[in-house]
Amino acid sequence: MAASVVAFLVAMPLCAGVAVASGVPAELGLVTGIVGGLIVGALPGSSLQVSGPAAGLTVLVYEAVWAYGLSALGVLVLGAGVLQIGLGVLRWGRWFRAVSVAVVQGMLAGIGLVLVAGQVYAMGDAAAPGGGGIEKFAGLGALPGAVDPVALALGGATVGVLVVWPRWRWGARFVPAPLVAVGGAALVTGVLDLGVRRVEVRGLWEAVRVPSVDDLGLLTHAGVVGTVLAFALIASAESLFSAAAVDQLHDGPRTDYDRELVAQGAGNVLCGVLGALPMTAVIVRSAANVRAGARTKASRVLHGVWLLVFAALLPGVLGAIPVAALAGLLVHAGCRLVPVRELGLLWRSRDRGEVLVLGVTAVAIVTLNLFEGVLVGLASAVAKTAWDISQVHVEVEDRGDTGVVVRVVGNATFLRLPKLLDALEKVPRERGVRLELSGLWHVDHACAAALEAWGAGTGTGLAGAGSKGAGATEVGGQGVATGGAGTEGVGLEGAGGKGVAGKGAGAKGGGAKGVGSGADGQ
């Protein structure tokens with residue numbers, strides 16, 4: 001019971017704040033929180049994490065509402081939920097754990113930066129410029145003359161309470177910081193009758209809008225389909241990463257990722273039918289739930305009950321909350337999304353390329369949009385990985401009168417072809433040269449062709465390769481060297497692999513066939 005109350009007190013201001021920041025009525029955030037508690041909370045998957053509207057999707061929802069209108073939100077969320085259910089049924093939940101951590105952190109950093117840039121305007125009761133993150137950052141220069149100083153002070157005080165209150169452990173244990181900050185701001189606004197903008201209240205049922213058949217027709221548009229895909233993938237990734245983090249906080253049952261994905265999808269289908277915000281599992285509420293002593297699903301289901309009772313019986317309370325306070329809440333949440341500590345750890349590690357991936361992802365989200373930014377981040381992570389594994393080294397051993405032995409070690413791909421050819425061109429050719437490829441794990445077609453051409457031009461023998469290569473014949477290494485110049489798909493499979501014989505230019509097997517010591521020659 002106590003854990004459910006704590007989860008409710010944390011969730012209530014966040015639900016309203018995320019909704020207002022997303023450009024939709026505050027009640028729709030409460031609807032999503034209620035569904036996350038009553039429906040997703042009762043389904044199998046994760047036992048203790050709490051679902052609802054999340055700051056991580058605020059930017060994407062705002063862009064979608066701005067582009068397609070509030071009436072399209074239900075269709076977008078409904079489509080995302082169906083896609084999540086399909087991914088869970090196909091047991092793809094575990095594959096979300098294969099996403100580069102740098103891309104995820106860069107995504108959160110980009111979301112946080114755009115969120116902060118947008119909510120700074122709301123903290124001062126000023127209108128934010130339209131467009132994406134770059135437009136919001138560009139407009140900050142004109143902000144000082146447009147803000148209401150009273151509203152800005154109220155928002156700044158909210159951020160200050162959110163930073164300071166958790167340091168008082170006894171107080172934070174019983175009353176969550178978001179409730180203290182937003183509740184205090186509402187109390188000060190009411191007592192002093194401050195002339196700042198407050199949350200507009202429509203009523204729970206008035207805010208709900210079921211999508212019509214005409215709205216479903218939007219799913220035929222390519223842009224809408226891309227937004228649905230972004231909703232589904234980002235919400236799924238955030239939920240499953242949250243589940244992994246929450247599992248580290250308790251000793252109870254571990255999360256079944258596929259079932260959790262189905263549960264999140266079912267919740268988003270219902271949210272879509274009600275025209276509400278998309279949901280994800282939220283680490284802030286989940287951690288509060290666990291730390292308050294939750295042991296079963298009952299706490300997260302009951303937190304949904306308390307949200308429903310509040311929305312049904314006390315909706316007018318929302319009207320007392322100043323928008324500047326909710327903006328301060330979101331500014332604080334956005335700052336926490338920027339992984340400053342993790343960035344320092346990555347920079348001090350050996351693999352600083354991860355910092356580049358993180359930065360590219362964040363900058364792409366700020367300058368483009370969330371979906372395209374994540375795609376750019378994933379592409380940069382793949383490119384970095386390809387570069388990292390394409391490590392090839394050329395070792396030259398001078399054996400005097402017997403000639404020169406050249407060993408190529410590593411993974412020979414087109415990315416390292418210039419380096420490989422530069423090293424080979426420096427090899428003295430006055431004496432016999434033996435090229436050993438038994439240390440190669442992989443040779444792509446470009447490098448194989450280059451090695452074959454180099455070997456044919458110098459009369460060099462090739463000995464063993466870790467992947468399909470090409471070249472003149474010579475027995476040696478751990479593989480099989482077959483074929484002559486002009487072979488078709490001629491190769492060498494070394495390091496204990498199978499040597500594949502190729503077809504010679506004039507006759508089959510022209511150029512002799514050698515059997516390696518550690519391989520099966522065919």
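Here, the structure is the one placed above.
Residues numbered from 1 in each chain as written. Predicted model: local features only at pLDDT ≥ 70, side-chain atom pairs only at ≥ 80, totals over all residues. Heavy atoms only, no water.

Participant: So what exactly am I meant to see when it comes to the side chain of Ser 239 here?
Facilitator: Relative to the elements of secondary structure, Ser 239 occurs in helix H12 (residues 222-247). Every residue in contact with Ser 239, bar those within four places of it in the chain, is listed here: Gln 49, Gln 264, Thr 280 and Ala 281. (Helix = DSSP H or I, 4+ residues; strand = E, 2+ residues; numbered from the N terminus. Contact = heavy atoms within 4.5 Å.)

Participant: Before we go on, may I ask you to explain the layout of surface pockets in this structure?
Facilitator: Vacant regions in the atomic arrangement are exposed by a probe of water-molecule size rolled over the atoms. One number sums up the size of the second largest pocket: a volume of about 640 Å³. Lining the second largest pocket are 32 residues, and of these Val 20, Ala 21, Gly 23, Tyr 62 and Gln 119 sit closest to its centre. For the lining of the second largest pocket, the secondary-structure elements that each account for two or more residues are helix H1 (2-21), helix H3 (58-68), helix H5 (101-123), helix H6 (133-138) and helix H16 (323-337). Sort the elements by how many residues they give to the lining of the second largest pocket and H5 lands first, with 6 residues. Its residues assigned to classes, the lining of the second largest pocket comprises 18 nonpolar, 8 polar and 6 charged. (1 Å grid on protein atoms, 1.4 Å probe; cavity = no way out; pocket = protein on both sides within 12 Å on 5 of 7 lines; lining within 4 Å. Points joined across faces, edges and corners; volume = space filled by probe spheres on them. Nonpolar A, V, L, I, M, F, W, Y, C, P; charged D, E, K, R; others polar.)

Participant: Is there a simple way to explain the pattern of salt bridges in this structure?
Facilitator: The full count for this structure, using the stated rule, is 9 salt bridges. For Asp 193, the salt bridge goes to Arg 198, with nearest N and O atoms at 4.0 Å. Judged by relative accessible area, which is 61%, Asp 193 ranks as exposed. Residue Arg 209 pairs with Asp 215 through a salt bridge whose shortest N-O separation is 3.0 Å. The class for Arg 209 is partly exposed, based on a relative accessible area of 38%. (Salt bridge = Lys/Arg side-chain N within 4 Å of Asp/Glu carboxyl O. Buried < 20%, exposed > 50% of the residue type's maximum accessible area, 1.4 Å probe, protein only.)

Participant: What exactly am I supposed to notice about the packing of aromatic side chains here?
Facilitator: In this description, a pair of aromatic rings is defined by centroid distance and the angle of the planes. Taken as a whole and assessed by the stated rule, the structure comprises 3 aromatic pairs. Where Trp 165 meets Trp 168, the ring centres are 5.2 Å apart and the plane angle is 85°; that geometry is what we call edge-to-face. Taken together, a centroid distance of 5.8 Å and an interplanar angle of 40° make the contact between Trp 168 and Trp 170 tilted. Judged by its relative accessible area of 45%, Trp 168 is partly exposed. One aromatic cluster in this structure is built from Trp 165, Trp 168 and Trp 170. Of note, Arg 416 hangs over the ring of Trp 387, and the distance from its end group to the ring centre comes to 3.8 Å. (Phe/Tyr/Trp six-rings, centres within 6.5 Å; stacked < 30°, edge-to-face > 60°. Lys NZ or Arg CZ within 6 Å of the ring centre and 35° of its normal.)

Participant: I keep staring at the nonpolar core and nothing clicks. Help me out?
Facilitator: Grouped together as the largest cluster of nonpolar side chains are 77 residues, with contacts concentrated most on Leu 30, Phe 231 and Leu 370. Here this core takes 12 residues from H1, the largest share from any one element. Within the second largest apolar cluster, 19 residues are counted, among which are Val 392, Ala 412, Leu 440 and Cys 447. (Core = buried A, V, L, I, M, F, W, Y, C linked by side-chain atoms within 4.5 Å.)

Participant: Would you explain helix H18 (residues 353-367) in this entry?
Facilitator: An α-helical segment advances 3.6 residues per turn. Residues three or four places apart therefore align on the same side. Its 15 residues place the ends of H18 21 Å apart at the C-alpha level, agreeing with the 21 Å of an ideal helix rising 1.5 Å per residue. Among the residues of H18, Glu 354, Val 355, Val 357, Leu 358, Thr 361, Ala 362, Ala 364, Ile 365 and Val 366 are the ones counted as buried. (Expected span 1.5 Å × (residues − 1).)

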